Amino acid sequence: MISSIAELISDRIGAMPAGERRAAQTLIANYPLIGLKTVAEFSAAAGVSSPTILRFVARLGFQHYPEFQSTLQNELAAQLQSPASRTLNTPSQNGGAVSPMLEATLDNLRETFRHLSDKQLADIAARLADRRGKTFLIGGRFTDPLACYMAAHLAIVQPNVFHLTGQESVWRDRLIDMGKRDVLVIFDIRRYQDSLVRFAETAHQRGVQIVLFTDQWLSPIARFARHVIAGRTAVPSAWDSSAALFVVAETLIGAVTRQLEADGAKRIRELEGLR
């Protein structure tokens with residue numbers, strides 16, 4: 001399975017010198033559009049030299065800059081696909097519907113976790129387990145059930161966990177309660193939801209730390225996020241699959257529960273006594 005450029009960056013950024021790391025961060029913050037500009041424009045945006053941009057591209061495994069841009073263009077086309085176009089492009093399932101879907105889902109899980117480091121997961125879990133702040137969770141049209149599921153579990157082991165629901169105006173009213181010690185977990189996959197992007201930008205301006213669950217093509221919210229989890233979502237269907245993101249969410253729920261341990265266990269016992 002071919003890795004996206006965002007996944008290649010995640011895999012290799014730890015070995016990049018400072019200049020190439022700035023190029024990588026600039027690309028992620030403006031993904032993928034800055035990479036479709038000229039080398040000179042990309043280098044000016046990143047504040048590095050043109051040779052640094054070319055070394056960065058080579059480190060990702062591309063022979064030359066046009067090959068890098070061609071890959072970004074293909075990713076952008078995939079990012080903009082609608083369910084209708086994916087219906088037309090889905091191959092016929094001569095062997096039945098279950099096997100190809102299952103294989104694609106298992107591949108998505110493997111690839112998602114291959115590009116997720118233990119350190120990244122540990123850092124996110126530690127931030128979610130920090131009792132000094134509040135945790136807010138929200139998702140898009142099809143991903144909000146994941147936010148609801150994760151919020152329901154986190155709220156059992158710690159206080160001040162809130163699932164944001166309803167209209168955009170309701171979410172924005174909650175911004176008054178958000179500050180620098182708080183975390184906002186957002187689920188957003190293609191086709192990315194403009195209302196979530198606007199909300200994330202305002203939360204970021206207030207100093208809220210954002211954890212983004214997205215797909216391999218990266219929601220525009222990535223530019224505001226402290227942590228980005230890029231899961232594989234494409235399957236042989238008109239619809240994207242959230243299965244890999246769901247498993248990552250469950251992994252983090254388990255990690256937070258273990259970190260809170262005694263306090264979480266006490267809270268669970270008290271909750272059980274109230275039922």
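Under an unreviewed UniProt entry, the name given to the chain is RpiR family transcriptional regulator, and the source organism is Mesorhizobium sanjuanii.

A. View of the layout of surface pockets. Its volume calculated, the largest pocket comes out at about 760 Å³. Lining the largest pocket are 26 residues, with Ser10, Ile13, Gln120, Arg226 and Val228 sitting closest to its centre. Among the residues forming the lining of the largest pocket, the class breakdown is 12 nonpolar, 8 polar and 6 charged. Here the lining of the largest pocket spans two domains, since at least three of its residues come from each of domain 1 (5-81) and domain 2 (104-273).

B. Focus on the domain arrangement of the chain. As assigned here, the chain comprises domain 1 (5-81) and domain 2 (104-273). For domain 1 and domain 2, the distance between their C-alpha centroids amounts to 26 Å. Between domain 1 and domain 2, the residue contacts involve 12 residues of the former and 12 residues of the latter. In total, about 1100 Å² of surface goes out of reach between domain 1 and domain 2, with carbon and sulfur atoms giving 49% of it. Our count for the contact surface shared by domain 1 and domain 2 stands at 1 salt bridge. Ionic pairing is found between Glu7 and Arg232, a salt bridge with its closest N-O pair at 2.6 Å.

C. Looking closely at the sheet that holds strand S5 (residues 227-231). Read across the sheet, 5 strands follow the order S2-S1-S3-S4-S5 without closing on themselves; strand pairing throughout is parallel. For this open sheet the edge positions go to strand S2 (161-163) and S5, each flanked by a neighbour on one side alone. Neighbour-to-neighbour, the strand axes of the sheet open up by a mean angle of 15 degrees, direction not taken into account. Across the sheet, helix H8 (residues 118-128) lies against strand S1 (135-139), strand S3 (183-187), strand S4 (209-215) and S5, angled at about 125 degrees from S5, the strand it touches most. Packing against the sheet, helix H12 (residues 243-274) makes contact with S4 and S5, and its axis sits at approximately 145 degrees to S4.

D. A look at the packing of helix H3 (residues 39-46) against helix H4 (residues 50-59). Between H3 and H4, the shortest axis-to-axis distance is 8 Å and the interhelical angle comes to 100 degrees. Regarding the angle of H3 to H4, the classification is roughly perpendicular. Listed contacts from H4 to Val39, Ala40, Phe42 and Ser43 of H3 are Ser50, Ile53, Leu54 and Phe56. Each residue belonging to the contact of H3 with H4 can be placed in one class, and the counts come to 6 nonpolar, 2 polar and no charged.

E. Geometry of the pattern of salt bridges. Taken as a whole, this structure holds 14 salt bridges when the rule is applied. A salt bridge links Arg114 to Glu111; its shortest N-O distance comes to 2.9 Å. Placement of both Arg114 and Glu111 in helix H7 (residues 98-114) is noted, with a separation of 3 residues, approximately one turn of the helix. A relative accessible area of 46% places Arg114 in the partly exposed class. Shared partners join several salt bridges into a network, and the residues in it are Glu7, Glu111, Arg114 and Arg232.

F. Representation of the environment of Pro145 in the model. Mapped onto the secondary structure, Pro145 falls in helix H9 (residues 144-157). Of the residues examined, Pro145 reaches a relative accessible area of 53% and is grouped as exposed. Between the alpha carbons of Pro145 and Phe187 there is a distance of 9.5 Å; along the sequence they are 42 residues apart.

G. Main features of the environment of Ser4. Looking at where Ser4 falls in the secondary structure, it is placed in the segment before helix H1 (5-12). For Ser4 and Tyr65, which are 61 residues apart along the polypeptide, the C-alpha to C-alpha distance reads 16 Å. Every residue in contact with Ser4, bar those within four places of it in the chain, is listed here: Glu75, Gln216 and Arg232.

H. Quick look at H12. Counted at 1.5 Å a residue, the expected span for H12 with its 32 residues is 46 Å, but the 33 Å between its end C-alpha atoms falls short. Residue Glu261 marks the point of greatest curvature in H12, where the axis turns by about 100 degrees.

I. View of the side chain of Ser219. Structurally, the position occupied by Ser219 is in the loop between S4 and S5. The class of Ser219 is buried, set by a relative accessible area of 2%. Engagement of the side chain of Ser219 in a polar contact is seen with the side chain of Asp188, the distance being 2.7 Å.

About the thresholds
- Residues numbered from 1 in each chain as written.
- Predicted model: local features only at pLDDT ≥ 70, side-chain atom pairs only at ≥ 80, totals over all residues.
- Heavy atoms only, no water.
- 1 Å grid on protein atoms, 1.4 Å probe; cavity = no way out; pocket = protein on both sides within 12 Å on 5 of 7 lines; lining within 4 Å.
- Points joined across faces, edges and corners; volume = space filled by probe spheres on them.
- Nonpolar A, V, L, I, M, F, W, Y, C, P; charged D, E, K, R; others polar.
- Domains from an automatic or database assignment.
- Contact = heavy atoms within 4.5 Å.
- Buried area = accessible area lost by both parts, 1.4 Å probe.
- Salt bridge = Lys/Arg side-chain N within 4 Å of Asp/Glu carboxyl O.
- Pairing = 2+ DSSP bridges.
- Helix = DSSP H or I, 4+ residues; strand = E, 2+ residues; numbered from the N terminus.
- Axes fitted to C-alpha atoms, helices over the stretch in contact; angles between N-to-C directions.
- Parallel < 35°, antiparallel > 145°, perpendicular 65-115°, else oblique.
- Buried < 20%, exposed > 50% of the residue type's maximum accessible area, 1.4 Å probe, protein only.
- Expected span 1.5 Å × (residues − 1).
- Bend = angle between axes of the 7 residues up to and from the residue.
- Polar contact = N/O pair within 3.5 Å; in protein donor to acceptor, adjacent residues only side chain to side chain.

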